[in-house]
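Commentary on secondary and tertiary structure
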Amino acid sequence: MNGLVIKNTGSWYLVRTDDGRDIECKVKGNFRLKEIRSTNPIAVGDRVVIVENNEGTALITEIEDRKNYIVRRSSNLSKQSHILAANIDLCFLVVTVDQPVTSTVFIDRFLASAEAYRVPVNLVFNKTDIYDEDDNEYMNALINLYEYIGYPCVKISALQKDGLDALQEKIKDKVTLFAGHSGVGKSTLINSLIPSVDLKTGAISGYHGKGMHTTTFSEMIELPGGGFIIDTPGIKGFGVVHMEKDEIFHFFPEIFRFSKDCRFNNCIHINEPGCAVRKAVEEHYISESRYKSYLSMMEEETEEKYRK
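What you are looking at is a predicted structure, and each value in this text was computed from that prediction instead of being measured.

Between its first and last C-alpha atoms helix α7 (residues 288-299) spans 16 Å; for 12 residues at 1.5 Å apiece the expected length is 16 Å, and the two agree. Within the sequence span of α7, burial applies to R290, Y291, S293, Y294, M297 and M298. The buried side chains of α7 occupy one side of the element, clustering within an arc of 155° when seen end-on. Facing away from the buried surface of α7 by more than 90 degrees, the exposed residues are E288 and K292. Packing partners of the buried residues in α7 comprise α1 (104-116), α2 (133-149), α5 (253-259) and α6 (276-282).

This paragraph deals with the confidence of the model for the chain. Scored by pLDDT, the chain comes out at a mean of 86, with 83% of its residues at no less than 70. Ignoring residues within four places in sequence, the model shows residues 202-215, a span with pLDDT below 50, making 29 contacts including any to other chains. Within the model, the stretch residues 301-308 combines pLDDT values under 50 with 18 contacts to residues more than four positions away or in other chains.

With that settled, the discussion passes to the side chain of T57. Relative to the helices and strands, T57 is located in the loop between β4 (47-52) and β5 (58-63). When sequence neighbours within four positions are dropped, the list of residues in contact with T57 reads W12, I23, E24 and E52.

Nonpolar side chains in soluble globular proteins tend to be buried together. Grouped together as the largest cluster of nonpolar side chains are 36 residues, with contacts concentrated most on L93, F110, L123 and Y146. Looking at this core, the elements with two or more residues in it are β1 (2-8), β7 (81-86), β8 (90-95), α1, β9 (121-125), α2, β11 (175-179) and β13 (228-231). The leading source of residues in this core is α2, at 6 residues. Counting only domains with at least three residues in this core, you end up with domain 1 (2-65) and domain 2 (84-201 + 213-231). Y117, I248, F249 and C275 belong to the second-largest nonpolar core, a separate cluster that totals 24 residues.

Strand direction decides the pairing type here: β1 and β4, joined by 3 bridges, are antiparallel. Along β4, the bridge assignment pairs N2 with V49. In the sheet, β4 pairs with β5 via 5 bridges, with the strands oriented antiparallel. Bridge pairing links E52 to A58 in β5. Connecting β4 to the next strand, β5, in antiparallel fashion are 5 residues, including G56 with a positive phi near 85°.

Bringing the pattern of salt bridges into the picture now. Counted by the stated rule, this structure contains 11 salt bridges. With a shortest N-O distance of 2.9 Å, E222 and R16 are connected by a salt bridge. Of this pair, E222 sits in strand β12 (residues 218-222) while R16 sits in strand β2 (residues 13-17), placing them 206 residues apart in sequence. On the basis of relative accessibility, which here comes to 48%, the residue E222 falls in the partly exposed class. The class of R16 is partly exposed, set by a relative accessible area of 23%.

Next up on the list: the packing of aromatic side chains. Pairs of aromatic rings are described using the distance from one ring centre to the other and the angle between the two planes. Taken as a whole and judged by the stated rule, the model has 6 aromatic pairs. Considering the side-chain rings of F92 and F178, the 5.3 Å spacing of their centres and the 75° angle between planes classify their relative orientation as edge-to-face. On the criterion of sequence distance, the pair formed by F92 in strand β8 and F178 in strand β11 is long-range, its members being 86 residues apart. Exposure class is identical for F92 and F178. Each is buried. A centroid spacing of 5.8 Å and a plane angle of 80° characterise the contact between F252 and Y294, whose relative ring orientation is edge-to-face. A residue pair is termed long-range when its members are at least 10 positions apart, and F252 in the loop between β13 and α5 and Y294 in helix α7 qualify at 42 residues. Judged by relative accessible area, Y294 falls into the buried class, the value being 0%. Positioned over the ring face of Y69 is R66, at 5.4 Å from the centre of the ring.

Turning next to a negative patch on the surface. Where like charges cluster on the molecular surface, the negative patch consists of D132, E133, D134 and E137. Relative to the helices and strands, D132 is located in the loop between β9 and α2. Look at D132 and you get partly exposed, because its relative accessible area is 43%.

Within the element layout of this structure, C153 appears in strand β10 (residues 153-155). For C153, a relative accessible area of 14% puts it in the buried group. Taking the C-alpha atoms as reference, C153 lies 5.7 Å from N122; in sequence the two are 31 residues apart. Look past the residues within four positions of C153 in its chain and what remains in contact with it is L123, F125, I143, Y146 and E147.

Looking along a regular strand, one sees side chains alternate from face to face of the sheet. Counting buried positions along β9 yields 5 of 5 residues, so the element is predominantly enclosed. What you see with β9 is no split at all: V121, L123 and F125 on one side and N122 and V124 on the other are buried throughout. Taken together, the 5 bridges between β8 and β9 define a ladder with parallel strand orientation. Pairing of F92 across the sheet is with N122, part of β9. You can see the chain leave β8, run along α1 and come back into β9, and the turn it takes is right-handed. Pairing of β9 with β10, which is carried by 3 bridges, proceeds in the parallel orientation. Looking at β10, one finds that V124 is bridged to V154. With α2 bridging β9 and the parallel β10, this β-α-β connection has right-handed handedness.

Conventions and cut-offs
- Residues numbered from 1 in each chain as written.
- Predicted model: local features only at pLDDT ≥ 70, side-chain atom pairs only at ≥ 80, totals over all residues.
- Heavy atoms only, no water.
- Helix = DSSP H or I, 4+ residues; strand = E, 2+ residues; numbered from the N terminus.
- Expected span 1.5 Å × (residues − 1).
- Buried < 20%, exposed > 50% of the residue type's maximum accessible area, 1.4 Å probe, protein only.
- Arc of directions from axis to C-beta.
- Contact = heavy atoms within 4.5 Å.
- pLDDT = per-residue confidence, 0-100.
- Core = buried A, V, L, I, M, F, W, Y, C linked by side-chain atoms within 4.5 Å.
- Domains from an automatic or database assignment.
- Pairing = 2+ DSSP bridges.
- Salt bridge = Lys/Arg side-chain N within 4 Å of Asp/Glu carboxyl O.
- Phe/Tyr/Trp six-rings, centres within 6.5 Å; stacked < 30°, edge-to-face > 60°.
- Lys NZ or Arg CZ within 6 Å of the ring centre and 35° of its normal.
- Patch = residues over 30% accessible without salt bridge, like charges linked within 9 Å, V, L, I, M, F, W, Y side chains within 5 Å.
- Areas by Shrake-Rupley, 256 points an atom, 1.4 Å probe, with all protein chains shown as cover.
- Lys, Arg positive; Asp, Glu negative; His and termini not counted.
- Charge placed at Lys NZ, Arg CZ, Asp CG, Glu CD.
- Right-handed = clockwise from strand over helix to strand, strands pointing away.

Here's what the structure looks like:
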């Protein structure tokens, strides 16, 4: 029997079968050995084959080929990866310029990983209702930067339900992943888009100015008009995996474009002579923040580096 993984609670998976039933499933014992260096062999959004038993549960025996997925370095085991979700039509990276601050390094690492696995991303700038003049100026500068590169951006206030019509149009009949730091308002946004869901939301920690986890597992939520939203726990850091140093620049579209004019074919855009990328940074055709994010990924060696 075939089905769709709609929830992962760690040890159990909830699978919606093709005939419309939701069945709790475990992974077949030797299945984990097939998924190399991953903390979760099955991800929300996966299509799987299951075998039912007499107890009303089932075993997942096979996973169908994925069209794409989002993966990051596991927060506890630096040599392993964690798949956020699979078979995604669109991803909303929800970001905030205050309460909490989403850094450009975090945004760029997420975008590079999405590029590597062919996941289209829109940036959703939330909490516009609380921003002062400086916050708005900075937010608009980020929007200009990322839209110039080619990433669509939307400004919203999930709390005030402002700007949500544009999102409703984008998610119709699609599988859309919602990702971002804890506290950026993913649960509030989903509640505003689908009021019947009533996800738990939490306040920002006053001491740290960071969000506190309210979503504790990944889950697919069916949209009334067709499609699914994938809600994921907040991400603190985004460590990239499965990328060779000489291919990282491929996942920064503007760096890749200028790299074609470098003197050497094997240029990695750090200190080589005749580097068109470094020249473009100096002439402000490539933003300094994006180039710094690229360098941080090139230099990444340990778990501690990506968490800073």
